[in-house]
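An overview of the molecular structure
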Amino acid sequence: MSFETWLAFTTACIVLTLIPGPSVLLVIGQSITRGKKAAMMCIFGDVIGNIVLMGLSFAGVGAILAASAVLFQIVKWLGVFYLAWLGYRQIIEARQVSTETTNAPTSEHMGSNWRSFWAGTITAILNPKAIIFYMAFLAQFINPQADLASQLTILTLTSSMVVVVLLTGYALLAARARETFQSPRARKRMGYTGGTFMIGGSVLMATTR
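Residues numbered from 1 in each chain as written. Predicted model: local features only at pLDDT ≥ 70, side-chain atom pairs only at ≥ 80, totals over all residues. Heavy atoms only, no water.

This paragraph deals with the packing of aromatic side chains. A full pass over the atoms with the stated rule returns six aromatic pairs. Centre to centre, the rings of Trp 114 and Phe 117 are 5.1 Å apart; their planes meet at 80°, and the pair counts as edge-to-face. On the criterion of helical spacing, the pair formed by Trp 114 and Phe 117 is a turn pair, its members being three residues apart in helix α6 (residues 114–125). Assessed through its relative accessible area of 48%, Trp 114 is described here as partly exposed. (Phe/Tyr/Trp six-rings, centres within 6.5 Å; stacked < 30°, edge-to-face > 60°. Helix = DSSP H or I, 4+ residues; strand = E, 2+ residues; numbered from the N terminus. Buried < 20%, exposed > 50% of the residue type's maximum accessible area, 1.4 Å probe, protein only.)

All right, on to the UniProt feature "transmembrane region" (unreviewed entry) in the protein then. Under the local residue numbering, the UniProt record ascribes the feature "transmembrane region" (unreviewed entry) to residues 6–28, 40–58, 64–85, 117–142 and 154–177. Structurally, residues 64–85 is divided into 95% helix and 0% strand, and its ends, taken at the C-alpha atoms, are 27 Å apart. Between the end C-alpha atoms of residues 117–142 the distance is 30 Å, and the span holds 81% helix and 0% strand. (UniProt positions renumbered as here; feature names shortened; annotations may be inferred.)

A few words now on the packing of helix α2 (residues 22–34) against helix α5 (residues 69–95). The description of two packed helices rests on the angle between their axes and on the distance between the axes. Close contact between α2 and α5 brings their axes to 12 Å; oriented N to C, the two are set at 15°. Relative to α5, the element α2 lies roughly parallel. Here α2 and α5 pass one another in a crossing that is left-handed. Residues Pro 22, Leu 26, Thr 33 and Arg 34 of α2 pack against Leu 83, Leu 86, Gln 90 and Glu 93 of α5. In the contact of α2 with α5, the residues fall into four nonpolar, two polar and two charged. (Axes fitted to C-alpha atoms, helices over the stretch in contact; angles between N-to-C directions. Parallel < 35°, antiparallel > 145°, perpendicular 65-115°, else oblique. Left-handed = near helix turned anticlockwise from the far one by under 90°. Contact = heavy atoms within 4.5 Å. Nonpolar A, V, L, I, M, F, W, Y, C, P; charged D, E, K, R; others polar.)

Taking 1.5 Å per residue as the helical rise, helix α1 (residues 3–18) with its 16 residues ought to reach 22 Å, and the 22 Å between its terminal C-alpha atoms agrees with that figure. Listed in full, the buried residues belonging to α1 are Phe 9, Thr 10, Ala 12, Cys 13 and Thr 17. What you see down the axis of α1 is that its buried residues fit within an arc of 165°, all on one side. Of the exposed residues in α1, those oriented more than 90 degrees away from the buried face are Phe 3 and Glu 4. (Expected span 1.5 Å × (residues − 1). Arc of directions from axis to C-beta.)

Given below as structure tokens:
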């Protein structure tokens, strides 16, 4: 793979990752409501999910989804409802935060951060548009005459690094806003905000074709 091809792929990945989508909104929501550790686990899960998607796209699953409108809609709406459920659960947890007890535990310490990991992974995988997109997108940067395995490795590692760096930036910005408000009342509002971001991600997933 030439340096020019790699640079073009990296630039395209940066632009695409910067555009707020379901994964970005999920990471922001996790950072606001559960903190930086949970957000990083969510990002890790998103990376794993995207690696799975890249593998599935080259295995031909993307072609199957593109050919079957029913299957595409089933996978799509599973993702929509899952992300909406995460947002709903977050809002319910926020309602349970006491506004009177200053030492009430934050949602960062309630439950395991592995929940955030699986949320990131499942949300990424249950996005059929991403599978089809990877199938069309990655093909533009692959030389069929060169070694396929090495090219896929380079593209996968590059895409993963871009996702980690940019989503971490989103998470840190959201975490800074979270740290500004530490009172129980503020934590409750942040919980509502985080849940709203997740539900917004599900709406975005539902309304985009």
